[in-house]
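# Working through the structure, step by step
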Amino acid sequence: MGLFTKKEPCCICGSAQVKEKLADGWICQNCINNSGGFLSGGEKFKDVPKARVLQCTENHKKNMELLAQFSATRKVKKYLYIDENKRQWIVPNDIKDPIVMSYDDIVSVDVLQNGNSVISGGTASALAGGALFGAAGAIAGATVGKKSVKEEITSLMIMISTKNPNMRKEYIFLLSNGKVQEGSTTYNFLKLDVQNILSEFKIMMADAEEKKAQNRYGTTSGADEIAKYKKLCDDGVITKEEFEAKKKQLLGI
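A quick note: this is a predicted structure, and the numbers were derived from the prediction, not measured. (Residues numbered from 1 in each chain as written. Predicted model: local features only at pLDDT ≥ 70, side-chain atom pairs only at ≥ 80, totals over all residues. Heavy atoms only, no water.)

Moving on to the overall build of the protein chain. Along the backbone of the protein chain there are 6 helices and 14 strands. By the burial criterion, 40% of the 253 residues in the protein chain qualify as buried. Taking the contacts inside the protein chain whose residues are at least 6 apart along the sequence as the reference set, 49% of them involve residues at least 24 apart. In the structure as shown, the protein chain presents an accessible area of about 14,400 Å², 52% of it carried by carbon and sulfur atoms. (Helix = DSSP H or I, 4+ residues; strand = E, 2+ residues; numbered from the N terminus. Buried < 20%, exposed > 50% of the residue type's maximum accessible area, 1.4 Å probe, protein only. Contact = heavy atoms within 4.5 Å. Areas by Shrake-Rupley, 256 points an atom, 1.4 Å probe, with all protein chains shown as cover.)

Attention shifts here to the packing of aromatic side chains. As enumerated under the stated definition, the model contains 2 aromatic pairs in all. Where W89 meets F201, the ring centres are 5.3 Å apart and the plane angle is 80°; that geometry is what we call edge-to-face. Residue W89 is found in strand 5 (residues 88–90), and its partner F201 is found in helix 4 (residues 185–217); the two are separated by 112 residues along the sequence. According to the relative accessible area criterion, W89 is buried, its value standing at 0%. On the basis of relative accessibility, which here comes to 0%, the residue F201 falls in the buried class. Considering the side-chain rings of Y171 and F173, the 5.9 Å spacing of their centres and the 20° angle between planes classify their relative orientation as stacked. According to the relative accessible area criterion, Y171 is partly exposed, its value standing at 29%. When the ring centre of Y81 is taken as reference, the NZ or CZ atom of K75 above it lies at 4.5 Å. (Phe/Tyr/Trp six-rings, centres within 6.5 Å; stacked < 30°, edge-to-face > 60°. Lys NZ or Arg CZ within 6 Å of the ring centre and 35° of its normal.)

On average, residues of the protein chain score 82 in pLDDT, and 81% of them are at 70 or above. In this model residues 133–147 is a low-confidence stretch, pLDDT under 50, and it forms 24 contacts with partners more than four residues away in sequence or in other chains. (pLDDT = per-residue confidence, 0-100.)

Let us now look at the sheet that holds strand 5. Strand order in the open sheet formed by 4 strands is 3-4-5-6, with antiparallel pairing between adjacent strands. At either end of the open sheet lies a strand with only one pairing partner, and these are strand 3 (74–76) and strand 6 (101–102). Summarising the sheet, strand 4 (residues 80–83) and strand 5 pair through 3 bridges and their orientation is antiparallel. Bridge pairing in strand 5 places D83 opposite Q88. (Pairing = 2+ DSSP bridges.)

Another point: the nonpolar core. Soluble globular proteins tend to bury their nonpolar side chains together. Judged by nonpolar contacts, the single largest core of 34 residues is most densely connected at W89, I158, I172, L174, I197 and F201. If you list the elements that add at least two residues to this core, you get strand 4, strand 7 (106–113), strand 8 (116–121), strand 12 (156–162), strand 13 (169–175) and helix 4. With 9 residues, the top contributor of residues to this core is helix 4. If you look at the next biggest cluster of nonpolar residues, it comprises 11 residues, including I27, C28, C31 and I32. (Core = buried A, V, L, I, M, F, W, Y, C linked by side-chain atoms within 4.5 Å.)

One non-glycine residue, K77, lies in the positive phi region at around 50°. With respect to the element layout, K77 can be found in the loop between strand 3 and strand 4. K77 gets classed as exposed once you look at its relative accessible area, which sits at 53%. Positive phi values are uncommon outside glycine, yet N114 reaches one of about 55°. Note on placement: N114 falls in the loop between strand 7 and strand 8.

This is the structure:
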């Protein structure tokens, strides 16, 4: 056997201009691009079979179709776009096309500060029950004697675990470069952004939980839906403003 492995044509399209060695062939740059970044998650090309590339390419095609039909009705700045009519959401991305997710894809939402979990919730009520940045010492600032020690924050992100096979974990990065001091004006604005994002996920997760109940016990009326969101408001899961907005949507106002 020679020192150099002979390159075969791309096993997907037949192009002679191959780029990477797969587990069972070679692949060109164009076919890598057509997979839409779905070949990720730390995988090495040499371990990826042709069948997975074909599946990723098909997934990318379907995602682009969903993305073309996606129309945001709610936004949280540049971080989160929601299509309430289709019950879908995306995290905008400047590098690659975002993956369209369903409300039903959400498994849990975690807020990570300096790599540590601040809030973790797998249901709307659990997410609402978390004391945002409120764990004494660890998050809100340690107390040494009578002096409060402010933490230097170098990373702040929200991690969404999903059922979507194309993206098991989605991240919203609020602070990934630079650093801020806990308690500073910039930090407090970031906390507000986190709260607004979590409010949207609480609504989506509550909706998904309701859909599961409907499938299990049958459909509910508009009045039942309003009563459900009123209870969420009374329990502090959503704000009064969010309840009023949902009520108007259900009433078609």
